[in-house]
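# Topology and contacts: notes
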Amino acid sequence: VVSSSAAMIDPRLHTPLKDIDKIHETFYKTFKSGKCRPLSYRRQQLYALARMCQENVDAFTDAIFNDLGKPKQEALLYEVGPIIQRAVQSAERLEEWARPEKVTDVPDWQKPWAPTVYRAPKGPVLVIAPWNYPFILSLQPLYAAISAGCPAVVKPSEFAPTYAALLAELLPKYLDSSAYAIVNGAVPETSKLLDLKWAHILYTGNGRVGRIVAAAAAKHLTPVSLELGGKSPCFVDAASTDLRVAARRILYGKCANAGQTCVAPDYILIARDAQDALVDALKQVIAERYPQGILSSDSYGRVVNAAHFNRLQNMLSRTKARVVIGGETDPERLKMAPTVLVDVTADDSVMEDEIFGPILPIVPVADLDEVIEFINERDHPLALYAFTENAEVKQRLIDETLSGSLVFNDTFDQLAVDEVPFCGVGESGYGPQVLKHGFDTFTHYRSSEDVPLAIEPYLGARYAPYTPEKTEV
Ligand code: NAD
């Protein structure tokens, strides 16, 4: 783990606090000048962002590998590729998103007022990103801010320092520094950023810090988007699914980034008598995917740092449940095998907090009623997964539960459908993202009417003196 010692000495990782004031002042000046507003400017910056990603793809994937041990293919598929594609798509669709909307579905007498909704940029925005998908989670809000015509400061996570330093070095070479900047640092730098007034703050990370961000924003009445996490359940309806396919798709979502994914299936709910069959299927998939042993596989990442590794080990050391798959670790290299636990009870250590690692508890349940009750007794999750071919089961989950997203028969890849909003609900956060949804987050829908002078003779009824004839209906 080279990155932590590099972090101590690299000046790119600590933006001086006085520079933060300067950046803030400059960005408000830039915004007021109207420079970021023309669609041609936004398009040019979006293409520049895509070019930065494309031309430095190896440097970025190497940095992410250095910080997280994330296999290059994962970084390309889930981070760099989508950003290049979405930045270009935003440039191409900008005109349609930003076009003023003529509202015609109004009573005839209001038609001459030409009701219109303008897409107005809110102003300079602040983006605070986490370490687990450091690239996409810092640059997705950035392309959205550019699209919306807003200057933006991005604060990457200090736990992905190689990436954070690289981004700070590259961004000014491609994007307009009077409108877009990287601020690096940890709590002091982020607290300084949060003292300042922004037009919107988008924070991705955990709920504890989410509350700090929301409280700081409240002082300035700043709107906030909180992209948080939580325990995303995965129901396997053994009576109506193929357990082998379910096992393949569950492990796809759980093993990406060694389980450190906000929408990773956190735990499984399944009928007690099907538990063993699912375990067999999971075992088989792991053997197929990592024939040389998972801890030495290049296709499997590691835990981000010693603190998270110890947190996960501690979770495992306290569990009362039985480990049936995995359990092996390599503390030196921060590697932990996918570890499946059976007969997990609701009060077990692995059911307390979001796991955010490769531990997969299986909680046996009696029936669908118990599944729904189990889900509803807890915070609304970021994702709910259900493997079922039964239409009635699907409908009951749609109607009787609530989660950020609901996916049948797969995990993780809801993030690949660009057109649907991605966001949490309740404890898993609020504020949608991705393409137009990100554009909308940083855009004020400004309503407008233009009331013709010529209709003045018809407006007498609203002016004093009020007489009974004027209010006659
Ligand atoms: P993290 O530790 O990198 O923190 C996120 C950001 O918060 C960092 O930039 C950090 O500098 C900043 N921060 C930390 N302490 C702060 C403080 N006291 N004041 C101000 N800022 C502070 O990342 P994390 O929180 O460990 O991220 C993991 C969590 O994020 C998980 O819960 C995961 O589910 C969630 N997550 C959600 C999404 C989503 O899109 N909904 C995506 C990824 C991760």
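Below: a short report on this structure. Within each chain, residues carry numbers counting from 1 in the order of the written sequence. Only residues with pLDDT of at least 70 get local features here, since the model is predicted, and only at 80 or more are side-chain atom pairs given and counted; chain-wide, interface and lining totals rely on the full set of residues.

### Focus: the overall build of the protein
- Strands are runs of DSSP state E lasting at least 2 residues, helices are runs of H or I lasting at least 4, and numbering of each runs from the N terminus. Counting its secondary structure elements, the protein contains 15 helices and 18 strands.
- Exposed residues have 12 or fewer other C-beta atoms within 10 Å of their own C-beta, buried residues have 20 or more, and partly exposed residues fall in between, where C-beta atoms are placed from the backbone. For the protein, the proportion of its 473 residues judged to be buried stands at 47%.
- Distance between backbone-placed C-beta atoms decides contact: two residues are in contact if it is within 7 Å. Of all intrachain contacts in the protein linking residues separated by at least 6 positions in sequence, the fraction that spans at least 24 positions is 71%.

### Focus: helix H12 (residues 306-318)
- Relative to the 18 Å expected for 13 residues at 1.5 Å per residue, H12 spans 18 Å between its end C-alpha atoms, a close match to the ideal helical length.
- All buried positions along H12 are accounted for by His308, Phe309, Leu312 and Met315. Projected down its long axis, H12 carries its buried residues within an arc of 125°, all on one side. Opposite the buried face of H12, at more than 90 degrees from it, the exposed residues are Ala306, Ala307, Asn314, Ser317 and Arg318.
- For H12, the elements touching its buried residues are strand E12 (335-336) and strand E14 (359-365). Multiply 1.5 Å by the residue count of a helix minus one, and that product is the helix's expected span. Taking the helix axis as origin, the arc is that swept by the directions to the C-beta atoms.

### Some remarks on the sheet that holds E14
- What the seven strands build is an open sheet, ordered E10-E13-E14-E9-E8-E15-E16; its pairing is mixed. Either end of the sheet is taken by a strand with one partner, and the two such strands are strand E10 (322-325) and strand E16 (405-408). Shown here is a sheet whose adjacent strand axes are inclined to one another by a mean of 25°, direction ignored.
- In this structure, strand E9 (residues 265-271) lies alongside E14, joined through four bridges in parallel fashion. Pairing of Ile270 across the sheet is with Pro364, part of E14. Between any two strands, at least two bridges found by DSSP are needed for them to pair. For every element, the axis is a line fit to its C-alpha atoms; helices are fit only across the contacting stretch, and the angle between N-to-C directions ranges from 0 to 180 degrees.

### Some points on the packing of helix H10 (residues 243-255) against helix H11 (residues 275-289)
- Packing of H10 against H11 brings their axes to within 8 Å, and their N-to-C directions diverge by 55°. Between H10 and H11, the angle falls in the class oblique. You can see that H10 and H11 cross each other, and the crossing is right-handed. Contacts between H10 and H11 involve Leu243, Arg244, Ala247, Arg248 and Leu251 from the first element and Ala277, Leu278, Ala281, Leu282, Val285 and Ile286 from the second. For classification, angles of less than 35 degrees are called roughly parallel, those exceeding 145 degrees roughly antiparallel, those between 65 and 115 degrees roughly perpendicular, and all remaining angles oblique. Crossings are assigned a handedness: left-handed for a near helix turned anticlockwise from the far helix by less than a right angle, right-handed for a clockwise turn.

### Thoughts on the pairing of strand E6 (residues 200-204)
- In terms of burial, E6 is largely enclosed, as five of its five residues are buried.
- Neither face of E6 is open: one carries His200, Leu202 and Thr204, the other Ile201 and Tyr203, and all of them are buried.
- The pairing of strand E3 (residues 125-128) with E6 spans four bridges and is classified as parallel. Looking at E6, one finds that Leu126 is bridged to Ile201.
- In the sheet, E6 pairs with strand E7 (residues 224-227) via four bridges, with the strands oriented parallel. In the sheet register, Leu202 faces E7, and the bridge partner there is Ser225.
- A crossover gets the label right-handed when its path from the first strand over the helix to the second runs clockwise, viewed with the strands pointing away from the viewer. One crossover worth recording links E6 to the parallel E7 by way of helix H9 (residues 207-219), and it is right-handed.

### Comments concerning the sheet that holds strand E4 (residues 152-155)
- The sheet built from six strands is open, its strands ordered E5-E4-E3-E6-E7-E17 with mixed pairing. In the strand order of this sheet, the two ends are held by strand E5 (180-182) and strand E17 (429-430), each with one partner.
- Two strands pair when backbone bridges link them, and E3 and E4 are joined in this way by four bridges, in the parallel orientation. Across the sheet, Val127 pairs through a bridge with Val154, a residue of E4.

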